[in-house]
Amino acid sequence: MSLDCGGEYNSSSGIIRHPLNDGNYLNNQNCTWIIRASNRITITLVWFDTQIRRDYLYVRDGPSMDSAVIGMLSGIRVPSSVPGPVNTTTTSAHLHFTTDNSTTRTGFHLQWKPYEPPEEAGW
């Protein structure tokens, strides 16, 4: 896999930006990124711009295509409308980006870090 279209990361935090350059992603892409960390992971979108209902980013809770889907994204999300973070229940995540043969867009930028459970309200 080229770094521009997939890869494997063994790190507790990092970023994935696709494409790496400032242009649009390509048609007919089938990209996979696998994240392995020592703890659960929180994945946050910084920005997201794909062809709606044609190009998708699937986020799975685990290292394989067989892992449960915890996020399926398509369309345009500006910073003010980006969905909240996705949290894994395992120490890995499988991201799969697939595009069709028509319109391309600017892609996405996401970051991951160790999951931090919300603090409980105390008295």
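Notes on the structure follow. (Residues numbered from 1 in each chain as written. Predicted model: local features only at pLDDT ≥ 70, side-chain atom pairs only at ≥ 80, totals over all residues. Heavy atoms only, no water.)

**Considerations on the pairing of strand S9 (residues 92-98)**
By the criterion of burial, S9 is predominantly enclosed, with six of the seven residues buried. Both strand S3 (residues 30-36) and S9 contribute to a ladder of seven bridges, which runs antiparallel. Within the sheet, the bridge partner assigned to tryptophan 33 lies in S9 and is leucine 95. As defined by bridge partners, strand S5 (residues 56-61) adjoins S9 across five bridges and the pair is classed as antiparallel. Paired with arginine 60 across the strands is histidine 94, a residue of S9. (Buried < 20%, exposed > 50% of the residue type's maximum accessible area, 1.4 Å probe, protein only. Helix = DSSP H or I, 4+ residues; strand = E, 2+ residues; numbered from the N terminus. Pairing = 2+ DSSP bridges.)

**Some thoughts on the state of the cysteines**
Evaluation of the coordinates by the stated rule reveals one disulfide. The side chain of cysteine 5 participates in a disulfide bridge whose partner is cysteine 31; the two sulfur atoms lie 1.9 Å from each other. Here cysteine 5 and cysteine 31 share a disulfide; its torsion about the S-S bond, -90°, makes the bridge left-handed. Taken together, the positions of cysteine 5 in the segment before strand S1 (7-10) and cysteine 31 in strand S3 put the pair 26 residues apart, joining distant regions of the chain. Residues cysteine 5 and cysteine 31 agree in their burial class; the two are buried. (Disulfide = S-S within 2.5 Å.)

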